[in-house]
Protein chains: 4
Amino acid sequence: MTDTPAPALDVRSDICWSDATSVTVLGRDLCTELIGQVDLGTFAFLLLTTRTPSEAEARLFNAALVSLVEHGITPNAMATRLTHLGAPESLQGAVAAGLLGLGTRFVGTIEGSAQYLAAGVAELGDAPTHADVAAAATRIVAGYRERGEHVPGVGHPIHTPVDPRAEVLLDLGLQLGFPDVAARLVRAVSAAAGEASGRALPVNVTGAIGACVVLLDLDWRIARGLGVIARTVGLVGHLREELAEPMATTLWRVTDDSASRHLHP
Amino acid sequence: MTDTPAPALDVRSDICWSDATSVTVLGRDLCTELIGQVDLGTFAFLLLTTRTPSEAEARLFNAALVSLVEHGITPNAMATRLTHLGAPESLQGAVAAGLLGLGTRFVGTIEGSAQYLAAGVAELGDAPTHADVAAAATRIVAGYRERGEHVPGVGHPIHTPVDPRAEVLLDLGLQLGFPDVAARLVRAVSAAAGEASGRALPVNVTGAIGACVVLLDLDWRIARGLGVIARTVGLVGHLREELAEPMATTLWRVTDDSASRHLHP
Amino acid sequence: MTDTPAPALDVRSDICWSDATSVTVLGRDLCTELIGQVDLGTFAFLLLTTRTPSEAEARLFNAALVSLVEHGITPNAMATRLTHLGAPESLQGAVAAGLLGLGTRFVGTIEGSAQYLAAGVAELGDAPTHADVAAAATRIVAGYRERGEHVPGVGHPIHTPVDPRAEVLLDLGLQLGFPDVAARLVRAVSAAAGEASGRALPVNVTGAIGACVVLLDLDWRIARGLGVIARTVGLVGHLREELAEPMATTLWRVTDDSASRHLHP
Amino acid sequence: MTDTPAPALDVRSDICWSDATSVTVLGRDLCTELIGQVDLGTFAFLLLTTRTPSEAEARLFNAALVSLVEHGITPNAMATRLTHLGAPESLQGAVAAGLLGLGTRFVGTIEGSAQYLAAGVAELGDAPTHADVAAAATRIVAGYRERGEHVPGVGHPIHTPVDPRAEVLLDLGLQLGFPDVAARLVRAVSAAAGEASGRALPVNVTGAIGACVVLLDLDWRIARGLGVIARTVGLVGHLREELAEPMATTLWRVTDDSASRHLHP
């Protein structure tokens, strides 16, 4: 048994380097060009694209994030509050628990809608006809239905016949001068999905954010990250309230009583 | 064995409610007053305090968040990239893995510094003498040393003799017209800790953010949340790069080779 | 604005109920029938199936778990160790970080292999011919290839041309008198996938565990849980070693140096 | 800007190495000596101590694990079920969310009780008098009370005046021939804490597991790992039930209705 020499580790990252007196992020000096100069959303845009956003881009990107921060007592807010009950010393653990529910059913649908919208917009070009957009939407919807999957980005249990957050985001994109193809396509997908299923399936907030992802030229593979960033903010807000007005113990006791009451002899 | 009636669940939250056509967050209409109107940092301030920030507050709060977003290949960025390797379908899981390392050693120290600074500033009042501040700092440092704990918010392995992020944050607070007591106290703690330990312990970025938490009147118990929000942004940025220029497989293979090479027969 | 009455919560669970002097789990008294009477694997089987295993089932189930506990410095062991560096106070967070990488690429493939094996075995009946098994395998492999996906449960970067863990598990099932169809089918899938891809794709440990899941009549939707249980044990073992012989700081420093060295001016 | 050579990575692990045909864990051949030969609890003991347990040790260790697996609808079981609702594709994420609540309030108290019992037993030696044990217990309780902290390992909201799981574990240790000092000390701590607080504080299951940790000579710093391993099993069991008889959607809807009903105009 002889030790061989320690192997070399050769990896590369272009995001950040630092020395004793400075930190440089994507070529910008963190202390003189970023801290105090840009808001968090603008910095997030830089990190997710490696470029500084235009004013319109920063505004749309912040709007997309803001739209997903909060929606009341959601399953992930509940998971965060219940986790905090057992581990109050570990705020990061409580937030992480909440984030873990952002999967294929709720917020993670941003990923799917961004993916089909990016592909569709690339195919449709700059000024597609109404018929072209409708045909693309029909193909997208048919693909999901063949695989027995929900079409991501459309439909909402409460916000129907329209999700007001989606409307304001799509309108903002147009007001700010972005091209209209992504918005037209997601609306056409909503119409095609609704027709195929026989019930109203409005563009929801994750569908509208998917359109923003396309307008902002973000990689659809990190589109779910917008939801993760936004919900992190919301979950810290829920912990702020949980500390002041706790609900977790009540939630636990009542649920345990309800769940096991048929077992008591 | 008889079922008893389902129990009533009586809990309360004041954050958000929604109906088919609107979402209301802390009394503001999400779609007309927030989306497209405020940046993410400003909305985060609202959720963490229940009030709209002044312009100075929004700027300082965003600055505090921006200062912690990125510091290169940290242990949590590595955990995120390695987790993504095994579960690329679950961006939220990779980010959550990275957040879980924001504990007592690194970013979580915001909590401790915010706590002693909040208590110290409350005690010192508006215009304490230099001697009062120094005495308070000495007491704070002595408390940690008696418990055998590091003083949170001071000292940095790379950024020495000063952490430039801390300096720019503390200066920004003064420029924006915030009171100077928190900054004076954290600097005095740095001096006292340095003297007691015999080595330079500069105010680091988490100490400066602790001071910002006091200036912005945030609850110290959610101070760690600023780090969690900021690092979430950074971790999504690392996933953007990992997709384009992966390092996780190399990191794994080289580490496994290195770690087990003395075991091979 | 009037408060409406608190709503009733009506949910049900059959797993466990307790009173001051006892805890009852799936009809067994925890203190007199389980603690000290059954090993952890046997209790896990009970919870995952709601029935007590036969001796052969307990042995195969424990074997399947044991086979996945440990495989050296894997990405999830690294994530756990790196997370512990930042949050040593939170063992549960470090383990959770490691578990989050058990997704579609590594351990999570148990789920896919269990799914196709369960469906295939149900279709093939008790004593299928060699040709029937081969035809079923060919259909399974074709399905994955059409979707552009890897066939779960076959192939390994190190253990080739056979994964010794898979062989011992499949053999054990036969020795213990379980039917042979699942083992035959997963071996046929390995052969068909190998032929289709032109390279050796041995049944790997997750494929063999998938076969065990079928033999033990577990729901394939919780098959990934076997990997999660097993790796939890392994990850706590890594934390035991990390406390005695830490590697996380070295790993961090060397990776950061390596990654950013091309950025230094 | 010149690239410097890739640095060497020199780390060490003694747990496991593998080649094409074998995997070796702590000197044992995984395939011939462990899979099918040992139960999961026994393998866990090996990984947590680096030695094979005696029969008595394996039995006590398995018992300690079994005692914590299940306690009905706990906050962590709820977090797991709620997380699964949003990300059903990611069983590992749902389990991880549940584990994150095993902190200082619930299961994590194993760590504290193991720590004071290990120190106390080391100090008391093999055959302390009743008075020595009582004096040690009084000092332990006084330490926690001075710091304003709960004494870990004693007290239970439901199981009072005794936690039956604790009794069976402590008795089992004695039956199996382990020394009695740890059990005597934790009972004395219960008595002293009860007297100091004026209410019954029975040894609870985490206190009894703390005693087992001492009897089995485990490092107290990984004692919380026993709870993490045990609860992982329990949480997978809850997901098995959640798939068959879901409660998460009901829990969400009723909680959101209850929480926000006072906000509706």
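Residues numbered from 1 in each chain as written. Chains lettered and ligands numbered in written order. Predicted model: local features only at pLDDT ≥ 70, side-chain atom pairs only at ≥ 80, totals over all residues. Heavy atoms only, no water.

Let us look at the relation of the copies chain C and chain A. Once chain C has been moved 0.0 Å along the axis and rotated by 180 degrees, it coincides with chain A to within an RMSD of 0.0 Å. Classification of the inter-copy transformation places it as that of a two-fold axis. In terms of C-alpha distance to the rotation axis, chain C has C:Gly93 as its closest residue, with the C-alpha 3.3 Å off the axis. (Least-squares fit on C-alpha atoms with pLDDT ≥ 70 in both.)

Next up on the list: the relation of the copies chain D and chain C. Note on the identical chains: chain D maps onto chain C by a rotation of 180 degrees and an axial translation of 0.0 Å, with an RMSD of 0.0 Å. Of all interface residues in chain D, 100% are interface residues in chain C too; the two copies therefore contact each other through one and the same surface. (Contact = heavy atoms within 4.5 Å.)

It is worth spelling out the interface of chain C and chain A at this point. Taken residue by residue, the interface counts 25 residues in chain C and 25 residues in chain A. For A:Asp10, the salt bridge goes to C:Arg261, with nearest N and O atoms at 2.9 Å. Broken down by secondary-structure element, the contributors of at least two residues to the side of chain C that touches chain A are strand E1 (16–19) and helix H12 (248–260) of chain C. It is H12(C) that contributes the most residues to the side of chain C that touches chain A, five residues altogether. Per-class residue counts for the side of chain C that touches chain A are 11 nonpolar, nine polar and five charged. (Salt bridge = Lys/Arg side-chain N within 4 Å of Asp/Glu carboxyl O. Helix = DSSP H or I, 4+ residues; strand = E, 2+ residues; numbered from the N terminus. Nonpolar A, V, L, I, M, F, W, Y, C, P; charged D, E, K, R; others polar.)

With that settled, the discussion passes to the interface of chain D and chain C. At the junction of the two partners, chain D supplies 99 residues and chain C supplies 99 residues. Approximately 8,000 Å² of surface area, both sides summed, lies buried where chain D meets chain C, with 71% of it carried by carbon and sulfur atoms. Interface area lost by chain D to chain C is led by D:Leu40, D:Gln92 and D:Arg240, which between them contribute 9%. Here D:Arg12 and C:Glu245 are joined by a salt bridge, their closest N and O atoms 3.7 Å apart. Inspection of the chain D/chain C interface yields 22 residue pairs in polar contact (both at pLDDT 80 or more). Of the residues forming the side of chain D that touches chain C, the biggest block, 14 residues, is contributed by helix H11 (residues 224–244) of chain D. For the side of chain D that touches chain C, the per-class residue count stands at 52 nonpolar, 29 polar and 18 charged. (Buried area = accessible area lost by both parts, 1.4 Å probe. Polar contact = N/O pair within 3.5 Å; in protein donor to acceptor, adjacent residues only side chain to side chain.)

What follows deals with the sheet that holds strand E2 (residues 22–25) of chain C. Residue and element names in this part refer to chain C. One open sheet accounts for three strands, arranged E1-E2-E3; its pairing is antiparallel. Each having just a single partner strand, E1 and strand E3 (28–29) make up the two edges of the open sheet. Alignment of E2 against E3, held across two bridges, turns out to be antiparallel. Note on E3: the bridge partner recorded for Val 25 is Arg 28. (Pairing = 2+ DSSP bridges.)

Enumeration over the complete set of coordinates arrives at 12 aromatic pairs over all chains. A ring pair is formed by A:Phe106 and D:Trp252, whose centres lie 5.4 Å apart and whose planes are at 65 degrees; its orientation type is edge-to-face. Placement of the pair is A:Phe106 in the loop between helix H5 (91–99) and helix H6 (109–124) and D:Trp252 in helix H12 (residues 248–260), with the two residues belonging to separate chains. You can call A:Phe106 partly exposed: its relative accessible area is 24%. Under the relative-accessibility criterion, D:Trp252 is labelled buried at 13%. Ring centres of C:Phe45 and C:Phe61 lie 5.4 Å apart, and the angle between their planes is 85 degrees; this geometry places the pair in the edge-to-face category. Here C:Phe45 is found in helix H2 (residues 40–49), whereas its partner C:Phe61 is found in helix H3 (residues 55–68), with 16 residues between them in sequence. With respect to burial, C:Phe45 and C:Phe61 carry one shared label: buried. The ring centre of C:Trp252 lies 3.9 Å from the NZ or CZ of C:Arg253, which sits over that ring. (Phe/Tyr/Trp six-rings, centres within 6.5 Å; stacked < 30°, edge-to-face > 60°. Buried < 20%, exposed > 50% of the residue type's maximum accessible area, 1.4 Å probe, protein only. Lys NZ or Arg CZ within 6 Å of the ring centre and 35° of its normal.)

Across all of its chains, the model carries 56 salt bridges over all chains by this definition. With its nearest N and O atoms 3.1 Å apart, the salt bridge here joins B:Arg12 to B:Asp14. By relative accessible area, B:Asp14 is classed as partly exposed at 26%. Its salt-bridge partner being D:Glu57, residue D:Arg51 comes within 2.9 Å of it at the nearest N-O pair. D:Glu57 gets classed as buried once you look at its relative accessible area, which sits at 11%. One network of salt bridges, in which partners are shared, links A:Arg12, A:Asp14 and B:Glu245.

Let us look at the domain arrangement of chain A. Residues and elements named next belong to chain A. Partitioning chain A into domains gives domain 1 (21–52) and domain 2 (109–222). Each partner contributes to the interface: domain 1 provides four residues, whereas domain 2 provides four residues. Across the interface of domain 1 and domain 2, roughly 300 Å² is buried in total on both sides, 72% from carbon and sulfur atoms. Applying the counting rule to domain 1 against domain 2 returns zero salt bridges. Viewed at the interface, domain 2 and domain 1 are joined by one residue pair in polar contact (both at pLDDT 80 or more). (Domains from an automatic or database assignment.)

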